[in-house]
Amino acid sequence: MRIFCFVLFLFSIQASSAQEVISYQPPFQADKKATEIQYDFLTSVTKPWKVCAVYPHLKDSYWLSINYGMVKQAKKLGITLKVMEAGGYPNLDKQTLQLQKCHQWGADAIILGTVDDEAYNGILSKLIGNTPVFLMTNNIDFTDPDIRQHVKAKVGVNWYDMGKATGEYLAKRHPKGSGIVKVAWLPGPQLQGGTKPVSRGFKDAIKNSDVEIVTTLWADNSKELQRNLIQQILASKEEINYIVGGAVAAEVAISELRTHDIHNIKIVSTYLSHGVYRGLRRHRILFAPTDKMAEQAMLSIDQAVRYLEHKPVVLDVAPSIVNLTPEYLPKKVIAESLSPAEFRPSFYVKDHHVKH
């Protein structure tokens, strides 16, 4: 087996270039435990490996920031990176074809941000042959034998913890007996991406508080669809104290509340984006956790290349989650999370340069 088991002391050596991350042990398990470690990124490679990355979409700045981190690390190492995006979580057929195209392109490794955690059960090998796959951001069903055979390692936080962090923030603001507050819950695409564990984490965190979900609305992460949901909430005239949901919903909520001159509904996001960051800075959004998307993508490239270079691999790793508020927006954490304002989607990197 070409992958190396994780040896803790190799990644625990303190160094100026080391980054604090989370290692999950045992890897890929539902009951895994998180341990903080120091992680050193590769600075060179023995050959320009061909890595193919497949995203669910590039419709929001979450995945744009992942694209940025991936491109940054690919340029630094001098590997060849090919990027494809499915255009949205409903587009499983398109992503399936993209995985086949990665294999046909001759990828040495495939990085997969899946649109569905169970869609590739039993069929992944038919799509990618023996190409090693590295899971990024969204989870997959590791109980499936075909998945276990081909997915070598994983980068991504436990999305349950992102939902839990969001719920805990509200629960602390509104403890039991303080007075009921009503929440419109807009987690994103139904049963796809990280919405299932986010919902579980959020609901578990608010169980013993005065936070009450009075309406739940689902839609893909597009501004148009999320705007429709916000308008539906406002048109219902139902009493709402908070709109809580994914970054796209939070971004749209800012403009819709301003348009309707509504000031008594507060906004909380379950993850960070450029728009959410601006909302935090302007005190329009109260809270958002970040799973450091740019760093996450750099870890994914590093993980795949370490495997190809026969170097030790942390099998299940993630950035540390940081809770952000208008009063707490560390520059380093923002840089590890968001792409620069001037960055545009990049789909091909070769010889340390973006190719168009």
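Residues numbered from 1 in each chain as written. Predicted model: local features only at pLDDT ≥ 70, side-chain atom pairs only at ≥ 80, totals over all residues. Heavy atoms only, no water.

*Asks:* Describe the overall build of the protein, with residues and values.
*Replies:* Within the protein, the secondary structure is distributed over eleven helices and 16 strands. In terms of overall dimensions, the protein is globule-like: its C-alpha atoms have a radius of gyration of 20 Å, near the 21 Å expected for 356 residues. With the C-alpha coordinates aligned to their principal axes, the bounding extent of the protein is approximately 60 × 40 × 40 Å. Residues classed as buried in the protein amount to 58% of the 356 residues present. (Helix = DSSP H or I, 4+ residues; strand = E, 2+ residues; numbered from the N terminus. Rg over C-alpha atoms; globule rule 2.2 N^0.38 Å. Buried < 20%, exposed > 50% of the residue type's maximum accessible area, 1.4 Å probe, protein only.)

*Asks:* Which residues make up the state of the cysteines, and what values do they have?
*Replies:* Scanning all chains against the criterion turns up one disulfide. Here cysteine 52 engages in a disulfide with cysteine 102; their sulfurs sit 2.0 Å apart. One quick way to see it: the torsion about the S-S bond of cysteine 52 and cysteine 102 is about -60°, and its sign makes the bridge left-handed. Of the two residues, cysteine 52 sits in strand 3 (residues 50–55) while cysteine 102 sits in helix 2 (residues 92–105), which places them 50 residues apart along the sequence. (Disulfide = S-S within 2.5 Å.)

*Asks:* Before we move on, could you go through a positive patch on the surface and cite the residues and values that matter?
*Replies:* A cluster of basic side chains, namely Arg258, Arg278, Arg281, Arg282, Arg284 and Lys331, defines a positive patch on the protein surface. Structurally, arginine 258 can be placed in helix 8 (residues 247–259). (Patch = residues over 30% accessible without salt bridge, like charges linked within 9 Å, V, L, I, M, F, W, Y side chains within 5 Å. Areas by Shrake-Rupley, 256 points an atom, 1.4 Å probe, with all protein chains shown as cover. Salt bridge = Lys/Arg side-chain N within 4 Å of Asp/Glu carboxyl O. Lys, Arg positive; Asp, Glu negative; His and termini not counted. Charge placed at Lys NZ, Arg CZ, Asp CG, Glu CD.)

*Asks:* Tell me what's going on with the packing of aromatic side chains, and back it up with residues and numbers.
*Replies:* Following the criterion strictly, the structure yields eleven aromatic pairs and no others. Ring geometry for tyrosine 62 and tryptophan 63: centres 5.8 Å apart, planes at 65°, overall edge-to-face. Note on accessibility: tyrosine 62 and tryptophan 63 belong to one class, buried. Seen in terms of ring centroids, tyrosine 62 and tryptophan 159 are 6.0 Å apart; in terms of plane orientation they differ by 45°. Their pairing is tilted. Of this pair, tyrosine 62 sits in helix 1 (residues 61–77) while tryptophan 159 sits in helix 5 (residues 159–173), and the two are 97 residues apart along the sequence. Considered together, tyrosine 62 and tryptophan 159 belong to a single accessibility category, that of buried residues. (Phe/Tyr/Trp six-rings, centres within 6.5 Å; stacked < 30°, edge-to-face > 60°.)

*Asks:* Which residues make up the environment of leucine 58, and what values go with them?
*Replies:* Relative to the assigned elements, leucine 58 resides in the loop between strand 3 and helix 1. On the basis of relative accessible area, leucine 58 is assigned to the buried category, the value being 18%. Each C-alpha atom of the pair leucine 58 and glycine 87 lies 6.9 Å from the other, and the pair is 29 residues apart in sequence. In contact with leucine 58, other than residues within four places in its own chain, are Trp63, Leu64, Asn67, Glu85, Pro345 and Phe347. (Contact = heavy atoms within 4.5 Å.)

*Asks:* A description of the confidence of the model for the protein should follow, citing residues and the corresponding values.
*Replies:* Mean pLDDT for the protein: 92, with 94% of residues reaching 70 or above. Low pLDDT (under 50) marks residues 1–16, which in the prediction has 32 contacts with non-local residues, meaning those over four places away or in another chain. (pLDDT = per-residue confidence, 0-100.)

*Asks:* If you had to explain the sheet that holds strand 7 (residues 151–155) to someone new, which residues and values would you point to?
*Replies:* Reading across from one edge, 2-1-13-7-6-5-3-4-15-16 is the order of the ten strands in this open sheet, with mixed pairing throughout. The strands lining the two open edges of the sheet, one partner per strand, are strand 2 (33–39) and strand 16 (353–354). By the bridge criterion, seven bridges tie strand 1 (residues 19–25) to strand 2 in an arrangement that is antiparallel. Counterpart to tyrosine 24 in the pairing with strand 2 is alanine 34. On top of the sheet, helix 10 (residues 293–308) reaches strand 1, strand 2, strand 3, strand 4 (80–85), strand 5 (109–112), strand 6 (133–136), strand 7 and strand 13 (316–319); it is set at about 155° to strand 7, its chief contact. (Pairing = 2+ DSSP bridges. Axes fitted to C-alpha atoms, helices over the stretch in contact; angles between N-to-C directions.)

*Asks:* Any chance you could break down the pairing of strand 11 (residues 266–269) for me, citing the residues and the numbers?
*Replies:* Direction of pairing for strand 10 (residues 242–245) relative to strand 11: parallel, over a ladder of four bridges. Residue pairing for strand 11: glycine 245 is matched across the bridge by serine 269.

*Asks:* So, unusual backbone geometry: which residues are in play, and what are the values?
*Replies:* Cis geometry marks the peptide bond from glutamine 25 to proline 26, where omega comes out at -10°. Among the secondary structure elements, proline 26 is positioned in the loop between strand 1 and strand 2. Phi angles above zero are rare outside glycine, and threonine 137 is one such case at about 70°. Mapped onto the fold, threonine 137 is located in the loop between strand 6 and helix 4 (145–150). Overall, threonine 137 belongs to the buried group, its relative accessible area being 1%. The phi angle at aspartate 261 is positive, at roughly 55°, despite the residue not being glycine. Take aspartate 261: it is sitting in the loop between helix 8 and strand 11.

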